[in-house]
Every structure is written in structure tokens, then in C-alpha cells.
Amino acid sequence: MYKSIYLLFFITFSLFNLGCGEDESVNNTQKFKIYTWGANSNGQIGERIFENKKNPTQISNTNDWLSIITGSLNSLGIKKDGSLWAWGWNFYGQLGDGTNEDKYTPTRVGNSSDWSSISAGYNHSLGIKKDGSLWAWGDNYTGILGDSSYDNKNLPTRIGISRDWSSISAGGSNSLGIKRDGSLWAWGYKENGLRDGKGEKINTPTRLDSANDWLFICAGDQHSFGIKRDGSLWAWGWNIYGQLGDGTNEDKNIPTRIGISNEWISIDAGVLHTIGIKIDGSLWAWGRNDKGQLGNGSFEDIYIPTQIGNTNDWLTISAGSKHTLGIQRDGSLWAWGYNGYGQLGDGSSENKNIPTRIGISNDWIDVSAGGNHSVAIKK
């Protein structure tokens, strides 16, 4: 449910995944296999057989994938040659293949081979090409595509004329972007992404504040996060379950500082819960916890960032609807939260309220948690 701009110290931790809805390839020398599991109601795990998978299963039978990302019921990926691929639910054109028909196996999107990063929201998708141009497609009811209209698009559509976009994040009802100068931009249902829709719809990228020190962004379902150059964490949007992490359940309509730590390097926002990693590799979580998606061993909501476990070796994380995935420095894959569709990948349908190791492989590179499915790449 990221990247292009990195905190300098984070480069030592992860190849390319900062979490939260955007994925970007590092270079064209790396190539990986793609694995999927969980719900397959609309082909979102890339198989024509509409059966849920409880274990990671390789699809595509190629090893030329560079990055992957999941939407609610769909998945996107970039291959080594810079081509864009998509599969799953396509009612709003969020796959970008020019149709509104679901795709049950990875399907190439257009002929371009210059995609550098992608982000999948609930029903829309965003992408940045190597020239820094911004593209969008899918549901546009709230102006979330940013093309000055409210019409859905089933093909990647150029947004504006700027070629200085460095990072994007597609959320549930809003989109976020950072330009190369460190400025923060937003569009969609009000700039804060509040669920109640009290504000106007904004259908073009609009600068959110006057600062030029933003490094990282994350748009959740109805709440958003940003990390500044000093490592401080900021949040805004819907907060009924404490998913902003400020100790309250009051919505915030402007970026609000969360705590006093200057050690944040990665955040991923699910529908109602949030996961983060600090510079020391520690894992933190807050928000809704009804299915154990925070991983602290309970099912109680948390209103402030709370450390999960005592290990300091987390590399990358991804928050889905009600499940969470993570990879540790040794390449091992971990999962916790709701597991009714097998989306944790441990071979069962039982929920887990603590991080649970998935398999014995230490070759996992990147992972993304969707609505009720999961996608990952490995060596």
C-alpha cells in the first residue's frame, strides 16, 4: 500500500525498498524471481486458477524482475529492461493496459522501457519514468490522478510537464509526490486525505507546504506520512485508531510531528495500521491491531510508535490491509496479522500476532502486502 530519494544512512540497509506503495529498481544488473501468495479472486497473484495460495509460489518462470508493488486487488512490476507489467483487478483501469478487464497473469503495459518507479493505491496507480516525468492511471473520482480531470484513465497518462519528480506514493483517496528540490505535493480528496471528504477535491498536484526538506513519503488508505532530512517523522489524515502515532485519535489536516526521534528511515501505512523502521534496524508499529497486524503479541490498538521485539536487523517492511510483511538483513521473510486467505504464506489460515518466519530461504529481496495477497522477489 517510496523511494527515489533516500536518507543517506539508509543505503547501507536496503537494496531498494523503503516501503509504502512505491517501488524502484536500483540498476539493470540485478534480476530476481517473483513469488506470490494469498487471495486470488481477481488474478492478483498472477495465476489463472482462482484458488488462494498459502505458500509463496513462483509465477512467470523468469528471473528478470527488478521490483514489485501491490494494490488492493492487483499487482505491478518492473522488469530488468524497464518495462512495466500488471495483473489482477482492473475495473477502473488501474492496470494501465488500455482495458478494464482483469488480467490473470503478468501483462505488459504499453511499449515503454523507461519506467523507474511505480506506486499502487487502492484503485489507481502512479509511475515515474527515467526522465523524471509523472504518470497516472485508474480511478479518478477524487482527482487522485492529478490530470486536471475527474475521468478514469486505463492507460498511463502524463501528469503536467515537470521532469523533476523523485518520489511518489498512491494512497486510498490521495496521492503524494516529492520533487527533486525536496518539496512535498499532494492531490486527490483534500490534501490531507481525510476519509470524511469534508474538503474539496484537488485534481492537480498542489504544494502542501513551503518546506524543501522532505525525503520520504507514504500515503496510506486515509492517512499519510513523511520523513524529513533530519530523520523526523510527520503524519496527517484520519486517526480514529491512532494510526498517526501522536497518542490521540484526533484527525490532523496538516503534517504533524510524531514524537521527538530523528532516527526514522522507513514507514509503511496499511489501511488502519502503520509500521516503521529506525536507523538501528529496529521495528516499530502503531494503530489498529484487531488481527495482530502490529506484531506485538496482542490484539490491542496502539496510539504511539511502539517497538516490536528486540531485534535490530529489519531491512524492509510492507503493511497490507490487515497483514504485515518484513525482510531481515539475512534475507529471511517474516509475516504477521490476518491470514484468512493464506496471505502470510506460512501454509495455514491462522492469524499471527508476532512476526513469524516464512520458510527457510534467505534469498528474499523485496516484499509487498496487498489487500489480502502478497508479492515478493528473491534471488
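Residues numbered from 1 in each chain as written. Predicted model: local features only at pLDDT ≥ 70, side-chain atom pairs only at ≥ 80, totals over all residues. Heavy atoms only, no water.

Attention shifts here to the sheet that holds strand E6 (residues 84-88). Taking strand neighbours across the sheet as the criterion, the four strands line up as E4-E5-E6-E7 in an open arrangement whose pairing is antiparallel. Where the open sheet ends on each side, the last strands, each with one partner, are strand E4 (65-70) and strand E7 (103-109). Adjacent strand axes in the sheet meet at a mean angle of 20°, parallel and antiparallel pairs treated alike. Inspection of the sheet shows E6 paired to E7 by four bridges, in the antiparallel sense. Within E7, the residue paired with Ala86 across the bridge is Thr107. (Pairing = 2+ DSSP bridges. Helix = DSSP H or I, 4+ residues; strand = E, 2+ residues; numbered from the N terminus. Axes fitted to C-alpha atoms, helices over the stretch in contact; angles between N-to-C directions.)

Right, let's get into the nonpolar core. Residues Phe225, Leu233, Trp264, Ile267, Leu283 and Trp286 are the most contacted members of the largest nonpolar core, which totals 26 residues. Of all the secondary-structure elements, those providing two or more residues to this core are strand E16 (214-219), strand E17 (223-228), strand E18 (233-237), strand E20 (264-269), strand E21 (273-278), strand E22 (283-287), strand E24 (314-319) and strand E26 (333-337). Among the nonpolar cores identified, the runner-up in size contains 13 residues, and Leu126, Leu134, Trp185 and Trp187 belong to it. (Core = buried A, V, L, I, M, F, W, Y, C linked by side-chain atoms within 4.5 Å. Buried < 20%, exposed > 50% of the residue type's maximum accessible area, 1.4 Å probe, protein only.)

Let's shift gears to the pairing of strand E8 (residues 115-120). With six of six residues buried, E8 is to be regarded as a mostly interior element. Across five bridges, E8 lies against strand E9 (residues 124-129) in antiparallel orientation. In the strand pairing of E9, Ile118 is matched with Gly127. Between the end of E8 and the start of E9, which pair antiparallel, lie three residues.

Turning our eyes to something else, we now look at the sheet that holds strand E27 (residues 352-358). Taken in spatial order, the four strands of this open sheet run E24-E25-E26-E27, and their pairing is antiparallel. The sheet terminates laterally at E24 and E27, the two strands that pair on one side only. Ignoring which end each strand starts from, the neighbouring axes of this sheet average 20° apart. With five bridges joining them, strand E25 (residues 323-328) and E26 adopt antiparallel strand pairing. Opposite Thr324, over in E26, you have Trp336 as the bridge partner.

Topologically, Gly347 is positioned in the loop between E26 and E27. Owing to a relative accessible area of 38%, Gly347 belongs among the partly exposed residues under this scheme. Each C-alpha atom, one on Gly347 and one on Ile358, is 8.8 Å from the other, the two residues being 11 residues apart in sequence. Those residues in contact with Gly347 that lie beyond four places of it in its chain are Lys54 and Asn55. (Contact = heavy atoms within 4.5 Å.)

It is worth spelling out the packing of aromatic side chains at this point. Each aromatic ring pair is characterised by the separation of its centres together with the angle its planes make. Applying the stated criterion across every chain, the model contains 20 aromatic pairs. Taking 6.1 Å as the distance between ring centres and 65° as the angle between the ring planes, the aromatic pair formed by Trp37 and Trp364 counts as edge-to-face. Highlighted residues: Trp37 in strand E2 (residues 33-38) and Trp364 in strand E28 (residues 364-369), separated in sequence by 327 residues. For the pair Trp37 and Trp364, a shared accessibility class is recorded, and that class is buried. Taking the centre distance of 5.9 Å and the plane angle of 65° together, the rings of Trp165 and Trp187 count as edge-to-face. Highlighted residues: Trp165 in strand E12 (residues 165-170) and Trp187 in strand E14 (residues 184-189), separated in sequence by 22 residues. When its relative accessible area of 0% is taken as the criterion, Trp187 is described as buried. Here the aromatic cluster, defined as three or more aromatic residues joined through ring pairs, consists of Phe225, Trp264, Trp284 and Trp286. Here the guanidinium or amino end of Lys201 rests over the ring plane of Tyr141, the centre of that ring lying 3.7 Å away. In this structure, Lys201 packs its charged tip against the face of Tyr150, placed 5.8 Å from the ring centre. (Phe/Tyr/Trp six-rings, centres within 6.5 Å; stacked < 30°, edge-to-face > 60°. Lys NZ or Arg CZ within 6 Å of the ring centre and 35° of its normal.)

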